[in-house]
Amino acid sequence: MIKPKYLENLIDALTILPGVGRKSAQRMAYSLLQSNIEKSLFLSEQLKNIETKIIKCEKCGMYSDLEPSMSNQINCPNCNRENVNNDLVCVVESASDVYTIEESTNYNGYYFVLQGNLSPIDGRGPSEIGLDKLEKRLSEKNIKELILATNTTIEGEATAHYIKDIATKNNINVSRLAFGLPLNGEIGFLDNETISHAFNERKIL
Ligand code: ZN
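It should be emphasised that the depicted structure is a prediction, and the values quoted were computed from it without experimental measurement.

*Asks:* Now, about the coordination of the zinc ion: what can you tell me, with residues and values included?
*Replies:* Ligation of the zinc ion by protein atoms is provided by C57 (SG), C60 (SG), C76 (SG) and C79 (SG), these donors lying 2.3 to 2.5 Å from the ion. Coordination at the zinc ion is tetrahedral: its four donor atoms span angles of 104 to 118° at the metal. Counting residues between consecutive donors of the zinc ion along the chain gives the motif C-x2-C-x15-C-x2-C. Residue C60 is located in the loop between β1 (54-56) and β2 (63-65), and its partner C79 is located in the loop between β2 and β3 (85-92); the two are separated by 19 residues in the primary sequence. No difference in accessibility class separates C60 from C79, as the two residues are buried.

*Asks:* Can you lay out unusual backbone geometry for me, pointing to particular residues and giving the numbers?
*Replies:* The phi dihedral of N83 falls on the positive side, at around 55°, and the residue is not glycine. Relative to the assigned elements, N83 resides in the loop between β2 and β3. The phi dihedral of N171 falls on the positive side, at around 55°, and the residue is not glycine. Considering the arrangement of structural elements, one finds N171 in the loop between α6 (154-169) and β6 (173-176).

*Asks:* Residues and numbers for the sheet that holds strand β4 (residues 109-113), please.
*Replies:* Backbone-to-backbone hydrogen bonds pair the strands of a sheet. The strands run either parallel or antiparallel. With parallel pairing, the four strands of this open sheet are ordered in space as β4-β3-β5-β6. Each edge of the open sheet is held by one strand with a lone partner, namely β4 and β6. For this sheet, the mean angle separating the axes of adjacent strands, direction not counted, is 25°. In the sheet, β3 pairs with β4 via five bridges, with the strands oriented parallel.

*Asks:* Tell me what's going on with the pattern of salt bridges, and back it up with residues and numbers.
*Replies:* Across all of its chains, the model carries five salt bridges by this definition. Residue R22 pairs with D12 through a salt bridge whose shortest N-O separation is 2.8 Å. Of this pair, R22 sits in helix α2 (residues 22-34) while D12 sits in helix α1 (residues 5-14), and the two are 10 residues apart along the sequence. Two residues, E157 and R176, come together in a salt bridge whose shortest N-O distance is 2.5 Å. In this pair, E157 is assigned in helix α6 and R176 in strand β6, connecting sequence segments 19 residues apart. A relative accessible area of 25% places R176 in the partly exposed class.

What counts and what doesn't
- Residues numbered from 1 in each chain as written.
- Predicted model: local features only at pLDDT ≥ 70, side-chain atom pairs only at ≥ 80, totals over all residues.
- Heavy atoms only, no water.
- Donors = N, O, S within 2.8 Å, 3.2 Å for Na, K, Ca; no water.
- Tetrahedral: all angles 85-135°; square planar, octahedral: opposite > 155°, others 65-115°.
- Helix = DSSP H or I, 4+ residues; strand = E, 2+ residues; numbered from the N terminus.
- Buried < 20%, exposed > 50% of the residue type's maximum accessible area, 1.4 Å probe, protein only.
- Pairing = 2+ DSSP bridges.
- Axes fitted to C-alpha atoms, helices over the stretch in contact; angles between N-to-C directions.
- Salt bridge = Lys/Arg side-chain N within 4 Å of Asp/Glu carboxyl O.

Next up, the structure:
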């Protein structure tokens, strides 16, 4: 059977999304074909906006709407927030982590978003993930504490160690988000590594 070229292209394009394999992409493509054309056009319009309406801040790496009044890429609303705690910068691996932290905490300092984590095997070195920009930022700003909120994967930990060295060089205190027991979790269901970390990081009450 000859596969329709444009349908195959659509399926290939959908596999770009994280966590979407070929089977899921096929289901999505057929669902789009079978649904109202307006829905597909709406989706297409939002995808086009990635290029024309959303801008990444050169300073912190966060995304914001591109306003006509913005003369350059460093006037991001997040960097220009009022009543921000100038002493703190929180480093995350992805812009979506910022929204998670914002929703769950009352943190009121700056953020710095990396482009992922260090993974030389995948071609992601310090400059590829923006650590040169972070270093520049730390040497300019009057930051007193850097909060490491990278993931607890091997790559996230390696990235955290690298950043700690940069911060220490700039005489900035470094803290790392605590990791250990999850809330409402049962000890018997946790993996050995998590228990081991939680045990070693226990604190006096
Ligand atoms: Zn910014």
